[in-house]
Structures are given as structure tokens and as C-alpha cells.
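Commentary on secondary and tertiary structure
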Amino acid sequence: MRRLTKAERRLWNAFPTGEIVELGPYHADRTRTAGGNAPADGDTWGPERSIRAEVIAQLLLGARDAAGGAVPAVRLRGARITGQLAVVGGTIPYELNLSGCHFDEPVRFTDSTTRTVRLTDCHLPGLNGGGMRVAGHLSLSGSNITGPVRLSRAQFESGLWLGGTKVTVAEGEEWAFYAHAAVVDSGAYMRNADFTGGVGLIGSRLNGGLFLDGAVLRNPGKNALAADNMVVENVMRCTGGFQAWGCLRLRGARINGTLSLDGTVRSPDTNYAIHASNMEIRELYLKPAKPIEGVVTLAHTTLGTLHDDPDTWPEQLRLNGLTYQRLRGSGVTQRIDWVRRDPEGFRPQPYEQLAAWYLSDGNDALARRTQLAKLRARRQTQGPGSQAWGRLLDVAVGYGYRPWLAGMWFTLLLAIGTIAFAANPPRPLKPTESPDFNAFAYTFDLLLPIPAFGQRELFDPGGWTQWLAYGLVVSGWILATALIAGATRVLRPQ
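This write-up is about the structure you can find in this document. Since the model is a prediction, treat every value here as computed from it, not as a measurement.

Right, let's talk about the overall build of the chain for a bit. Across its full length, the chain holds nine helices and 38 strands. Relative to a compact globule of 494 residues, whose C-alpha radius of gyration would be 23 Å, the chain shows 37 Å and is clearly more extended. Seen through its C-alpha atoms, the chain measures out along the principal axes to roughly 140 × 40 × 30 Å. In the chain, which comprises 494 residues, the share counted as buried stands at 52%. Here the contacts in the chain between residues at least 6 apart in sequence split such that 48% fall between residues at least 24 apart.

Gaps left between atoms are located by rolling a probe of water-molecule size over the structure's atoms. The tally for this structure, following the rule as stated, stands at three cavities of 30 Å³ or more. Computed from the structure, the largest cavity encloses a volume of approximately 120 Å³. Lining the largest cavity are M236, C238, L248, L250, L259, L261, I274, A276, I281, L284, L286 and L298. Those elements that place two or more of their residues in the lining of the largest cavity are β27 (231-238), β29 (254-261) and β32 (280-286). Among the elements that line the lining of the largest cavity, the one with the most residues is β32, at three residues. Of the residues assigned to the lining of the largest cavity, the class counts are twelve nonpolar, no polar and no charged. Together, L286, I292, V296, L298, L306, D308, W313, P314, L317 and W338 line the second largest cavity.

Here we come to the nonpolar core. Grouped together as the largest cluster of nonpolar side chains are 109 residues, with contacts concentrated most on I56, L76, L151, F177, M230 and M236. Ranked by residues supplied to this core, first place goes to helix α2 (residues 53-60) with six residues. When residues no more than four places from it in sequence are discounted, the contact partners of M230 are L201, G203, S204, L206, L210, M236, L250, A253, R254 and I255.

On inspection of all chains with the given rule, the structure shows zero disulfides. This cysteine, C122, is not joined by any disulfide, and C101 carries the nearest cysteine sulfur, 4.7 Å off. Residue C122 is classed as buried on the basis of its relative accessible area, which comes to 2%. Not part of a disulfide, C247 finds its nearest cysteine sulfur in C238, a span of 13 Å.

Rules of the game
- Residues numbered from 1 in each chain as written.
- Predicted model: local features only at pLDDT ≥ 70, side-chain atom pairs only at ≥ 80, totals over all residues.
- Heavy atoms only, no water.
- Helix = DSSP H or I, 4+ residues; strand = E, 2+ residues; numbered from the N terminus.
- Rg over C-alpha atoms; globule rule 2.2 N^0.38 Å.
- Buried < 20%, exposed > 50% of the residue type's maximum accessible area, 1.4 Å probe, protein only.
- Contact = heavy atoms within 4.5 Å.
- 1 Å grid on protein atoms, 1.4 Å probe; cavity = no way out; pocket = protein on both sides within 12 Å on 5 of 7 lines; lining within 4 Å.
- Points joined across faces, edges and corners; volume = space filled by probe spheres on them.
- Nonpolar A, V, L, I, M, F, W, Y, C, P; charged D, E, K, R; others polar.
- Core = buried A, V, L, I, M, F, W, Y, C linked by side-chain atoms within 4.5 Å.
- Disulfide = S-S within 2.5 Å.

See below:
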């Protein structure tokens, strides 16, 4: 290694005790400011503020002896790091803490084993930590990163911190943040982070939760978040102004706690805005600030409790196979509208699940109403004959779920017949043997398939009342048939 510069000598001497070396002031707001002290302006900083990356790497790998009674560490502020900081496959027993620094080249910690690494409020063109093991945490909080962050297969004992981090990748680059199969034993904190490009957490395990409060994910037309088969213990929060421009893909993920979404999701130009099929979620709060733009699927997902806001449902919802234990937030009319929004048309399972929920909650009337809505929706998929019979069943007895309709129709026809035959009595077939005519009893007999009062066989209507009598007989048979068919449908095990 070449002879150390004055700035490098300061860092070399401070390392054994972990003293902080500050080479100049900096502004941590990611912007270019007067005076050139923003990390983004670090390429203009001279030798007095420059440190070669190889010097830092050698210190981290034990080139300098530790001082007794102190904890060695590399702690540096306001420096320009020239060359590439790369520790590939090495073991770093010391903490690295760089704040307000400018990196000329991407950082590489591929397959390394490290203590805590803090690159906060820095400007760097990318980071590759695939397969790294961190006995502590990795913090990129407040940093402005102009290339992808790759952390696939990485493991973090004490968390992953990206609070306020901004990651932007070039057009055509798929991932801004790539941490597939990563394991974070504490929380993954991405509050107020800003990603231009996809965020990938496929197959990752986050044992302390995932916090995206206030984060912005921009990847229009693609996956803003791809987290298939991710496992989150505790909670996953997308709240506090969270925005996603692209699909939130969580297919097969398991959230052993609460998933909260009250931000904004816009993805009208992809297959889905939220792809949450085949998931397991203990509690889901789905209350976005604005209606979701795009298709949402919860198909074949298992929920404990769902809290939602009907005003924010998109026009297209896939709920086939969704099961849940509790629903909160909507009345039965809104719920029936909820289950009928499948873009492929009628699906019976969402209605059955909704009816089962109402039954388990003790709301038998709402369960019957849901089953009636299912039969009406199914009717639209049937042929003309089945549709006609279905409409008749619906009008007569509400498919058996409204048997009181049969009584209403019977009472109405009974009143019409009683009035008509009282004004125009039929002639007796055997005048000497016939009892006195009773318009009410005669009409009642016409309506019943089996006469009750014996009036129907003893009198013969004439003129227009004869047609009325025929109509009452036919109506009686239709009501009886509909009532029997409806009762059979209701009583038959589903």
C-alpha cells in the first residue's frame, strides 16, 4: 500500500480506540447545497477529505493492532472514499461506521462476515452484500444510492435499517433493492425510504417485522414489491403515506401478525395492483387512503380477521378460495357487492364463505340473504329455461329463503277470488244436494292442490270467472311446487 496521506493517517491512528474522525462538515439532506458539503458533491472534495477504500478494508481486516481496554472500529464522517471498498468472503471483526461520506464506486461485501455496518447519510453508486452475515445490523439510513442494493441470501442479527434511504437505478434495471432469501432476525425498517425500481424480498424471512411507513415504491408497469413466499413475524406496515406505483406481489407470503395497508396503490397497467393470493395472514387492515387502481386478488388466502373500507375496493376483486374467521367494516349489502366483483364472473365460493361467516356469527337472516344473492348471480350464467324457472322460484318464494312470499301471494289470490266469486257466484252442480256457497272456502279449495272444504267439486263457475278459477288452480300448483323446491334447496346440505 502506498504511503498514507494525512487524512488516512488520522483514521489509522483513531482505529484502535474507535475514535470518530471527521474530515469536514456535511449536509445529510441528499441535496447539493451551497458550499459543496452535501455527500453528492463529494467528488469535488480534495485530498484533505479523501480516504482510499483499501485503507479502510485493511483496517477492517486487522492490519492495525487494537489498543488494550478499547473497542477498535472504523468511524469516519464527511470523507470521500476513492476506489472500491470491497471485502469479498472475508471476516470483519470490527464495526464500520461511515456517515456523510461520498463513495466513488459501489461497495462490495459479498459473502463476508461482519459486525455492524453503518453507511448513513452517504452517497454511493450501489452496494452488493449478497450472502453477507452481519453480527449486528446494516444501516443505510438517509443515504442516496444511485445503483442497486443487492442483499440476497444475507443474514442480519439485529436488523436492516433503511430509514429515509433513496435508491434509484438506471432505466432497464429491474431491482432497486434486491434481498431475496434474506434473513433479518430483527426488524426491517424502511420508513420514508424512496425506491425507483423494484423492491425484491422473495423468500425472505423477517423475524422482527417489515416497516414501510411513508415509503415510496416506484416501478410502474412492473412489481413495486415482489415478496412471494416471504415470512414476516410480528407485523408488516404500509402506512403513514405509503405509496406504491406498481404491483404489490405477496403471493404465498405468510404474515404471522398484522398486515396494515392505508397508503396508496396504483397499478392500472399491470395484471394486478395487489397480488395477495395463497397467503396466510393473522389480521389484515386493508384501508388505503384512496381507491386501489388495478385488480386485487386474495384468492385462496387464509385470513384471521379482515378490516377493510368498502369505498376503497377496486372494480375487480378476485376472492375465490378466500377464507376468513372474522369480518369488520361493512354491512351485508356492501359485502354482497364485494363478492360479486370477480372479473371472470360468478364464483360460488365467495358467497358460501360469506354465508358461513354470518352463520358462525349468529346472523342467520344475513346468511340466507347471501345465499339468495348467490342463486340470483348464478341464474345469470344459465340458459333461458333455467333462468325462467329461477325467476319464478325467486318471485314465488325467494328460492326458498323467503317462504313468506308464498303466503303473501296466497293471501292476495285468496282475496281476489273471494271478492270475484262473491260478486259472481258459480252455479251448483246439484242444486238439491249442494251446501250454501262460500266464496272464501271455494277460492281456498281452488288454490289448494288437495281441496279442504269440498266446495270445488260442487260448484261450476261460468263466463270469465271460469278462467279465473283455472288461473287460481294453476297458481296454487305453482306456489306449492315452488315452496317444495325452495324448501328442498334450503334444507339440502350445502
